[in-house]
Each structure stands twice: as structure tokens, then as C-alpha cells.
Amino acid sequence: MAVTIKDIAKKAGVSYSTVSRALNGVGAGDTEAKAKIRRLASEMGYVPNQAAIHLKKSRSYVIGLYFSTISKMTSPYVLHDVLTGVYSITGSKYNVVVKGIDMHEPGTLNPSYYDGIIVLSQKNEDMDFMNEVMAKEIPMVVICRSVDIDAPNVTTDEARAMERAMSYLLDNGHRKLAVIEGRPELDSNRLRHRGWRMAMRNRGMDPDAVPVINGTYRYASGYSAAKQLLSYGPTAILCFNDEMAFGARTAITEAGLAVPEDISLIGFDNWDLSGYSDMHLTTIERNMGEIAKEGARVLLRRLDEGVIDNRRIYLNNKLIIRNTVRNLNEDLSDKNVVKQTKREGES
């Protein structure tokens, strides 16, 4: 059988794209590593597939946008913002095809069909698909997840973001806390879980004492989780996305309580849900539109200009403070003032 780039990559202990760039002379400088790969290719009897080279030179002007899954774990708000972000960069020059990795049949990727692929990855299982993309030498950008692969990543530091959110609740005097997390199999959930627990440990508090319920990132799961958590009497609930926070608010209201007077809420994402509720939610901004735009920019620089930039690009998460977190420190201060005034009046 003919020697392939995959065979050379395995022998050299490097990625498929590294071999591809070395053999095609892409990238700055003729480094020792590239020379070694070319020497190894010659020794193994590698012969370039001229038909594949011809196909690569002919452009399809189609970009694949692959989500880990579309129906099971991807919020409609994520779909909307990512699609809008990608289309704002690709314009009418490229057609964008949206698919789910969980519906992909392994081995069926056609390198002549896609000029490039953007992967919104949420699970470790996505690596098989990404390795196939690399093996087929299709330019790829991975967004929303940091992965150890020879391709650019555009993401945010979700652990640091959730640490910031929990720290804000602690700064405001909250100690009876509860958390509504997402699906435990997702990387985003694991990172956010690590973040809020880190904030508590930094204050010398035990995160294992905090009641936690896993939702699905959907409104109904936030509602159901909050109904269960109310029995613990929390003064604040930290939610792993805005949609679940709005579901939690409904459960709180039905229990005859109010946000933030009785229970404070923080979300994650900063979706514009003002048309559906009068609640102005304090939340972490994860601008999926900007992440998608940056991913599309990186891909198009490679496709249109030949610029290969395999950095990990981290975009900032901001804490957007609105009016759903009550400052219990001020309440305590007011009580102390009242007590002091009473004592002065008695004397």
C-alpha cells in the first residue's frame, strides 16, 4: 500500500498538519524538523497524490461548521450567535454548512468538499472527528475549547470566569450557596465546576458543603433544579448559564420569594433575554458571537492569505453586574447602625 502522510506522522511522532506543512513548504523557515520529515518521507517512499493536490488547489468555497451536537446539548442561543458571527466574517464568498459531530459517520469526510472547517467542540469524544479532519489535511479552527492539537484554538478561560462569579457572591456576604451546573460530560461544565470551587477554597471554605444539581442548560432544568435547592434555604444560586437562571427565577417566584431580596442569582453567557423577562441578570459574558468571528477570521486568513496561526487565543470574560445580587454586607451594616442608635437612645 502507498505510504500516506498519516504513516509519516506516526513514524516521526508529530501531527498530520506538521508533516503536511513540511512537505508542502508552508510556514516560515526551513527548520531542522522540516528537513527531518522530508528525509523520512523520502526513505519511506512517499509519493504525493497528484489527484489530491489538484483537488486542494480547486476551491469549493464551502466551510463546515461542526457542533459537538446540535439537538441534545447546544442551546438555540449558542447556535444563533455562532452562526451570526461566522456569517458576518465569511459574507457571501463562502457557503457555511452546519452539522453535528455526533451524526458524522467516521471516515466519510471529503477533503474536496470543504475549504476549511470550524469545530465548536464540547466533548473529549470530538477528538476522533478532529483527527480525521487533520488526516484529510482540511484546514481547521477549534472554538470554545482548548485542545492539544496542531490547529488554532479560540476560547475563553471559563474556570477563571466562574471563579470570578463565585467570588462576587462571597464578596457580597453570601455563605448559604447553591449551584446549578450543566451536563457533567462537557468540558465547559468541568472548567466552570473547577472555577467556583477554587473561589471557595481561596476563602478557606469547603466547596463540598455546597448543594449542587446538574441541569441540561435549558430553562426547564433550571426551574426543576431550583425547586429542589430551595429546601436548603440558599441566599444565592450560581447558575452555569442564563437560560437555567431564568428557569430558577420562575421557581423562586412560585415559592413566594423574590430576586434578589430573598435569593440572589448569577448566570453565565449574557444572552439578551430582556424580551422574555423583566429580570436584569448579573452574569458572566461569554460572547459566542465574538468567539465565532475570531475563529472565522483565523480560518479565512489561512484560506485567503496562506497565514497559518496555530495559537491558543483567549478572549476575555467580563462579569456583567446588574441587579440580581443582594449585598448582605450592607444589610449587616444597617442592622449594626440600628443597634448602635438604640443603645445611644437608651443611654
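Please refer to the structure higher up on the page.
Description of the structure in this document. If you're wondering where the values come from, they're calculated on a predicted model, not measured in any experiment.

As a further point, take the sheet that holds strand 10 (residues 282-285). Paired through their backbone hydrogen bonds, the strands of a sheet run either parallel or antiparallel. Spatial ordering of the open sheet is given by 7-6-8-9-10-12, a layout of six strands whose pairing is mixed. Pairing within the sheet leaves two strands with one partner each, and these edge strands are strand 7 (212-214) and strand 12 (318-320). Put simply, the sheet's adjacent strands are angled 15 degrees from each other on average, direction ignored. Sheet topology note: the strand 9 (residues 264-269)/strand 10 ladder contains four bridges and is parallel. Bridge assignment links Phe-268 to a residue of strand 10, and that residue is Ile-284. Taken strand by strand, helix 10 (residues 242-254) contacts strand 6 (177-181), strand 8 (236-239), strand 9 and strand 10, and its axis lies near 155 degrees from that of strand 9.

Right, let's get into the layout of surface pockets. Of the pockets and cavities examined, the second largest pocket occupies roughly 410 Å³. What lines the second largest pocket is a set of 29 residues, among which Cys-144, Glu-158, Asp-187, Ser-188 and Arg-286 lie closest to the centre. Only strand 5 (153-156), helix 7 (158-171) and helix 8 (187-202) provide two or more residues apiece to the lining of the second largest pocket. Here the lining of the second largest pocket takes six residues from helix 8, the largest share from any one element.

Pairing is parallel in the open sheet, where six strands are placed in the order 2-1-3-4-5-11. Only two strands of the sheet have a single partner each, and these edge strands are strand 2 (95-100) and strand 11 (312-315). Neighbouring strand axes in the sheet, compared pairwise and without regard to direction, differ in orientation by 20 degrees on average. The sheet strands contacting helix 5 (residues 76-90) are strand 1 (62-67), strand 2, strand 3 (116-120) and strand 4 (140-143), and the helix crosses strand 1 at an angle near 160 degrees.

Per the counting criterion, the structure on display carries four aromatic pairs. With centroids separated by 6.0 Å and ring planes inclined at 75 degrees, the aromatic side chains of Tyr-66 and Tyr-114 adopt a geometry described as edge-to-face. In this pair, Tyr-66 sits in strand 1 while Tyr-114 sits in the loop between strand 2 and strand 3, placing the two residues 48 residues apart along the sequence. Given the relative accessible area of 4%, Tyr-114 is considered buried. With centroids separated by 4.8 Å and ring planes inclined at 75 degrees, the aromatic side chains of Tyr-113 and Tyr-114 adopt a geometry described as edge-to-face. Here Tyr-113 falls in the partly exposed class, since its relative accessible area comes to 39%.

Tracing the chain through its elements places Arg-175 in the loop between helix 7 and strand 6. Residues Arg-175 and Pro-234, spaced 59 residues apart in sequence, show a C-alpha to C-alpha distance of 8.2 Å. Leave out the neighbours within four places in its chain, and Arg-175 touches Leu-170, Met-205 and Thr-235. Only 3.0 Å separates the side chain of Arg-175 from the backbone oxygen of Leu-170, close enough to count as a polar contact.

What counts and how
- Residues numbered from 1 in each chain as written.
- Predicted model: local features only at pLDDT ≥ 70, side-chain atom pairs only at ≥ 80, totals over all residues.
- Heavy atoms only, no water.
- Pairing = 2+ DSSP bridges.
- Helix = DSSP H or I, 4+ residues; strand = E, 2+ residues; numbered from the N terminus.
- Axes fitted to C-alpha atoms, helices over the stretch in contact; angles between N-to-C directions.
- Contact = heavy atoms within 4.5 Å.
- 1 Å grid on protein atoms, 1.4 Å probe; cavity = no way out; pocket = protein on both sides within 12 Å on 5 of 7 lines; lining within 4 Å.
- Points joined across faces, edges and corners; volume = space filled by probe spheres on them.
- Phe/Tyr/Trp six-rings, centres within 6.5 Å; stacked < 30°, edge-to-face > 60°.
- Buried < 20%, exposed > 50% of the residue type's maximum accessible area, 1.4 Å probe, protein only.
- Polar contact = N/O pair within 3.5 Å; in protein donor to acceptor, adjacent residues only side chain to side chain.

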